[in-house]
Amino acid sequence: MRTLVTAWHPNGSRTVSVVEHMETFAPPALAATGVRRAFGHVQAVVNATLSVQPGSVTALIGPNGCGKTTLMLMLAGLLKPDAGEITVQGHSPAIEPKLTRTSVGWMPDVLGTWDSLTCVETLETFGRAYGLSQADARAGAFSLLERVHLADLAAQPARVLSRGQKQRLSLARALVNDPPVLILDEPASGLDPRSRVELRDLVRQLGAEGKAVLISSHVLSELDEMVDDAVFMSRGSTLGEAADAEVARAKTRWRVVAVDGDVAGALATLGRDFTPEADANAAVVSIADDADAANVLAGLALAGVRVARIAPVGSALEQAYLTMEAERR
Ligand SMILES: Nc1ncnc2c1ncn2[C@@H]1O[C@H](COP(=O)(O)OP(=O)(O)OP(=O)(O)O)[C@@H](O)[C@H]1O
Ligand SMILES: [Mg+2]
């Protein structure tokens, strides 16, 4: 963007200059820079840097024990980093812990419940703790139970819930005070297929409402449809641009499967970068975008290849993850 800027000088003259603006970005709702944390001699998080913008959903991905939960606990203000900087809505949890607690909705990987409280009482108690009136806390609790499809179990003690039902109650609890930032640690674990789809829709909705969402999961194919961005972690460190490049590369890998005709021969003639598949009349081709895919399809048709399917190869996040894991072994 360009703007004309007029400067008036003391002698009455003026100069007009054209100023080029950088794109103006909203400050991140959640950010970590060079964060570190050890437990005794175990270095759980070595060097983590990430940021999540308002209105976006970011995945935190990495193998068991790489430090995701530890990092999320620090971002939620529940664990102190040994070094590095964290900001939530521009404020440091170390300096303003109360502000962080009210800005972040935290969903732990396993929900602890109070034995004596029902589902609605659990949410009501949290609502009260956030300063809501009794009536508002109760109304809010019922509406959240509806949102996570637990309304039928409102009067049941939370301890009798199944694992998946507990996950949904835990998600509702994270939403009690309508926080601008949500940190969800493996929210889909233990959910049945319908609940997973509902979770995906709900997370997308929360993003669309303007919340910043950080979500960890091991089911990468599900994250593909849910997230705007992904941060990969390995052995306590976030991987940054190398991982972004790998995801971008994975997105360009498409599989072409033909009914008849010579797929590999035709792709070679078209000068495409591809890998033939040994056990089928198929190949994995590098394709830049939808328009490029249409070009390949037209080229194959002209060469007499009858294409049955052409589509991106599986999940881009999963592909990128597997490639990076293989490289790091
Ligand atoms: N309270 C603790 N005391 C000692 N070590 C811990 C503690 N919490 C985590 N760790 C260690 O820190 C490392 C990172 O653990 P963390 O739970 O953050 O991993 P994760 O990426 O969330 O793994 P997962 O995918 O299995 O949930 C592990 O080696 C773990 O054993
Ligand atoms: Mg974990």
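Because the structure is predicted, anything quoted here is derived from the model rather than measured.

1. Side note on the overall build of the protein
Next up, step 1: Looking only at helices and strands, the protein has eleven helices and 15 strands in total.
Next up, step 2: In terms of C-alpha radius of gyration, the protein reaches 25 Å, well past the compact-globule figure of 20 Å for 329 residues.
Next up, step 3: Taken along its principal axes, the extent of the C-alpha atoms in the protein is 80 × 70 × 45 Å.
Next up, step 4: Split by element, the accessible area of the protein, about 17300 Å² in all, is 53% carbon and sulfur.
Next up, step 5: Between the centroid of the 31 positive side chains of the protein and the centroid of its 38 negative side chains there is a distance of 5 Å.

2. Here's the deal with the site of ligand 1
Next up, step 1: Not every one of the 13 residues close to ligand 1 is listed here, only the nearest: G65, K68, T69, T70 and H218.
Next up, step 2: Contacts to ligand 1 include N64, whose side-chain N or O atom sits 2.9 Å from an oxygen atom.
Next up, step 3: At 2.9 Å from an oxygen atom of ligand 1 is found a side-chain nitrogen or oxygen belonging to H218.
Next up, step 4: Surface burial for ligand 1 is 60%, taken as the share of its 630 Å² of free accessible area covered by protein chains.
Next up, step 5: The set of elements that each furnish at least two residues to the shell around ligand 1 consists of β4 (42-52) and α1 (68-75).
Next up, step 6: Partitioned by chemical class, the residues of the shell around ligand 1 number five nonpolar, six polar and two charged.

3. Re the domain arrangement of the protein
Next up, step 1: Here the domain parsing of the protein yields domain 1 (30-239) and domain 2 (247-328).
Next up, step 2: Taken together, the contacts link 13 residues of domain 1 with ten residues of domain 2.
Next up, step 3: Considering only the surface of domain 1 that becomes buried against domain 2, L220, D224 and F232 emerge as the three largest contributors, covering 48% of it.
Next up, step 4: At the junction of domain 1 with domain 2, the criterion picks out zero salt bridges.
Next up, step 5: At the surface where domain 1 touches domain 2, the tally comes to three residue pairs in polar contact (both at pLDDT 80 or more).
Next up, step 6: Where the side of domain 1 that touches domain 2 is concerned, the elements lending two or more residues are α7 (220-224) and β10 (229-234).
Next up, step 7: Ranked by residues supplied to the side of domain 1 that touches domain 2, first place goes to α7 with four residues.
Next up, step 8: Across the side of domain 1 that touches domain 2, the residue classes tally to eight nonpolar, three polar and two charged.

4. A short note on helix α5 (residues 163-174)
Next up, step 1: Look at α5: 17 Å from first C-alpha to last across twelve residues, which is about the 16 Å you get at 1.5 Å a residue.
Next up, step 2: For α5, the full list of buried residues reads G164, Q167, R168, L169, S170, L171, A172, R173 and A174.
Next up, step 3: Here the buried face of α5 lies against β7 (104-107), α3 (119-129), α4 (134-147), β8 (181-185) and α6 (193-208).

5. A short note on unusual backbone geometry
Backbone geometry follows two general trends: most residues other than glycine have a negative phi, and most peptide bonds adopt the trans configuration.
Next up, step 1: Here D178, not a glycine, exhibits a phi torsion of approximately 50 degrees, which is positive.
Next up, step 2: By the secondary structure assignment, D178 is in the loop between α5 and β8.
Next up, step 3: Of note, the phi angle at E186 is positive, near 45 degrees, even though the residue is not glycine.
Next up, step 4: Tracing the backbone shows E186 in the loop between β8 and α6.

6. A closer look at the side chain of D185
Next up, step 1: Examined against the element boundaries, D185 turns out to sit in strand β8.
Next up, step 2: For the buried D185, which has no salt bridge, the nearest side chain bearing the opposite charge is K68, at an N-O separation of 6.7 Å.
Next up, step 3: At a separation of 2.7 Å, a polar atom in the side chain of D185 contacts the side chain of S216.
Next up, step 4: For D185, the contacting residues outside a window of four places in its chain are T69, M72, W106, M107, P108, D109 and S216.

7. Details of the pairing of strand β14 (residues 282-286)
Next up, step 1: Burial within β14 is extensive, with four of its five residues counted as buried.
Next up, step 2: Sheet analysis places strand β12 (residues 253-260) next to β14, joined by five bridges and oriented antiparallel. Residue pairing in the sheet places V256 in a bridge with A283 of β14.
Next up, step 3: Turn length for the strand β13 (residues 274-277)-β14 hairpin, with the two strands adjacent in sequence and antiparallel, is four residues.

Thresholds, definitions, all that
Numbers given to residues run from 1 along each chain, matching the order in which its sequence is written. Numbering of ligands from 1 and lettering of chains from A proceed in the order in which they are written. It should be noted that, the model being predicted, local features are given only for residues of pLDDT at least 70 and side-chain atom pairs only at 80 or more, the latter also being counted only at that level, while totals for whole chains, interfaces and linings use all residues. With hydrogens and water set aside, each side-chain value is computed from the structure's full complement of heavy atoms. Helix and strand labels come from DSSP, where a helix needs a run of H or I of at least four residues and a strand needs a run of E of at least two; each type is numbered from the N terminus. Between the two quantities, the radius of gyration covers C-alpha atoms and the globule rule is 2.2 Å times the number of residues to the power 0.38. Computed by Shrake-Rupley with a 1.4 Å probe, the accessible areas treat only the displayed protein chains as cover when residues are assessed. Only four residue types enter the charge count: Lys and Arg as positive, Asp and Glu as negative, with His and the chain ends excluded. The atoms used to mark charge sites are NZ of Lys, CZ of Arg, CG of Asp and CD of Glu. Residues are labelled near a given molecule or strand when at least one of their non-hydrogen atoms is within 4 Å of it. Two N or O atoms count as a polar contact when they lie within 3.5 Å, although within protein this holds only if one can serve as hydrogen donor and the other as acceptor, and sequence-adjacent residues are included solely when both atoms are side-chain atoms. Under the scheme applied here, ten amino acids are nonpolar (Ala, Val, Leu, Ile, Met, Phe, Trp, Tyr, Cys and Pro), four are charged (Asp, Glu, Lys and Arg), and all others, including Gly, are polar. Residue ranges assigned to each domain were obtained from an automatic or database domain assignment. Between two residues, a contact is recorded if the distance between any of their heavy atoms is within 4.5 Å. When two parts are brought into contact, each loses some accessible area as probed by a 1.4 Å sphere; the total of that loss over both is the buried area. Throughout this description, the term salt bridge denotes a Lys or Arg side-chain nitrogen within 4 Å of a carboxyl oxygen of Asp or Glu. One fewer than the residue count of a helix, multiplied by 1.5 Å, yields its expected span. Three labels apply to residues, based on accessible area from a 1.4 Å probe with only protein chains included: buried if under 20% of the type maximum, exposed if over 50%, partly exposed otherwise in between. In this analysis, strands are considered paired if DSSP registers two or more bridges between them.

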